[in-house]
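# Architecture at a glance
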Amino acid sequence: MKMRYCKKCLQPDTRPGVVFDDECVCFACRYEESKATIDWDARRKELQEYVDYAKSEAKKRGNFYDCIVGVSGGKDSTFQAVYAKEKLGLNPLLINCMPDEITEIGRKNIDNLNRLGFDIISIRPNPIVAKKLARKSFFERGNIIAASEYCLWASAYIMAMKFNIPLIIQGENAALTLGAAKNQSTDGNAFSVMQLETIRGAKVDSFIDPENGITENDVSFYRIPTVEEMTEKGIKAIFLQYYAPEWSQVRNADFAIARGLTGRTDDLHDLGRYRRYTALDCDMQIPNQMIKYLKFGFGYATDEVCYDIREGRLSREDGKWYVNEYDGKCGQKYIDMACKYLDITESEFWEVVDKYVNRDLFKKENGKWVPKFTVGEDFES
Ligand SMILES: [Zn+2]
């Protein structure tokens, strides 16, 4: 197999759905370049049209709330909620889909957002079902949180339907920030999340497993409504990132910290990343990124480095150290947590993980998987 790196950042072309152009530059880098020439005034006007629509529709429907923001209480959702309320003058209803075994920091951050002056509805999906689905997706796909992501995405859309709220404000379009634009549109319309790899990967129907006690009703919070259903009810959905030129993961973190966001306090090597303000509400994201690294040759630190390179904080050369130092790392305590949560022994855990390791990219040395590739250099095996 071949693994190529973007010539501008350190993104490899092994990311599912990523687009590289003829000059071997990734779509996310091209989008970042294009920001200089985007007609932001035109986008601002477009955003204002959505805001006007939301306000007048809510009035017509007799709703106090004119928009929904799905929130974890993390950096991006804190930015979205405050931006919607303070800058756009909207009355958002915040929907929080709580991860199973939410972390203390996650709880704190949701409370913080609540205290900033928002109504929040927390959805707590059935933990017995959640655990069964986590085990299923771990054994069948080598991914602990794949099923829970359906719930996370679907909840805002489901609640917009139930409460008849005309606008959903999502955060970022991954096609633009990660470059995963192969099967997803790159505009501001957030109905395109139905095309996302993470949502499409498997159909919710495949979660139904009556022999294992999972019925169709058990997964109703995992099923995102269709575009047709939402359009029929006059519900629209947008990506704020497309309209707000200041959107940036690092800047959103600064913004949210200034409003009370709490980060993790671990050794950064245990987190496999070099910032403290991501994946705050769910510990399973940490071992999951390690598994992703072994599948595709990159983990979360690569994403962080790529944001830093694109936004001019780091050179491609200097970024390599961060990737080598942090990518794919995961503290033993997080592996222990994953085993406990999945109700398996550590040797069972590694047995499953080993099945998903990309052997073209990694080899085993002294019982540990080590990369055959060099970060930033095209690789062929
Ligand atoms: Zn790039």
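Note that residues are indexed from 1 along each chain, following the sequence as it is written. Reporting in this predicted model follows two pLDDT cut-offs: at least 70 for local features of residues, and 80 or more for side-chain atom pairs to be given and counted; totals over whole chains, interfaces and linings ignore these cut-offs and use all residues. Hydrogens and water are ignored here; the side-chain numbers use all heavy atoms of the structure.

Only DSSP runs of H or I reaching four residues or more are called helices, and only runs of E reaching two or more are called strands; each is numbered from the N terminus. Secondary structure summary: the chain contains 17 helices and nine strands in total. We compute the radius of gyration over the C-alpha atoms and compare it with the globule rule, which gives 2.2 Å times the number of residues raised to the power 0.38. Against the globule reference of 21 Å for 381 residues, the chain gives a C-alpha radius of gyration of 21 Å, in line with a compact fold. Projecting the C-alpha coordinates of the chain onto the three principal axes gives extents of approximately 65 × 55 × 35 Å. Accessible area is worked out with a 1.4 Å probe on protein chains only. A residue is then buried under 20% of its type maximum, exposed over 50%, and partly exposed in between. With 381 residues in all, the chain has 55% of them scored as buried. Put simply, of all contacts in the chain between residues at least 6 apart along the chain, 73% involve residues at least 24 apart. In short, Shrake-Rupley with a 1.4 Å probe defines the accessible areas, and a residue's cover is counted only from the protein chains shown. With an accessible surface of roughly 17,000 Å², the chain has 48% of that area assigned to carbon and sulfur atoms. When charges are counted, neither His nor the chain ends are considered; positive counts come from Lys and Arg and negative counts from Asp and Glu. The atom standing in for a charge is NZ when the residue is Lys, CZ when it is Arg, CG when it is Asp and CD when it is Glu. When the 54 positive and 59 negative side-chain charges of the chain are each reduced to one mean point, those points stand 1 Å apart. Between two residues, a contact is recorded if the distance between any of their heavy atoms is within 4.5 Å.

This part covers the coordination of the zinc ion. Listed donors are limited to N, O and S atoms within 2.8 Å of the metal, widened to 3.2 Å for Na, K and Ca; water is not among them, so incomplete-looking sites are possible. Protein-derived ligands of the zinc ion are C6 (SG), C9 (SG), C26 (SG) and C29 (SG), with the metal-ligand distances lying across 2.3 Å. Between 85 and 135 degrees for all angles marks four donors as tetrahedral; over 155 degrees for opposite donors together with 65 to 115 for all other angles marks four donors as square planar and six as octahedral; every other arrangement is irregular. Around the zinc ion, the four donor atoms sit at angles spanning 104 to 115°, and that spread fits a shape best called tetrahedral. Each donor residue of the zinc ion lies on one chain, and together they are spaced C-x2-C-x16-C-x2-C. Judged on exposure class, the residue C6 and its partner C9 are both buried.

Below, the discussion takes up helix α1 (residues 27–34). Within the span of α1, buried status applies to A28, C29 and Y31. For α1, the arc enclosing every buried residue in end-on projection is 160°, short of the 170-degree limit, so these residues lie on one face. Each element contacted by the buried residues of α1 is listed here: α2 (40–61), α7 (174–177), α10 (240–243) and α14 (300–310). By arc we mean the arc of the directions from the helix axis to the C-beta atoms, nothing more.

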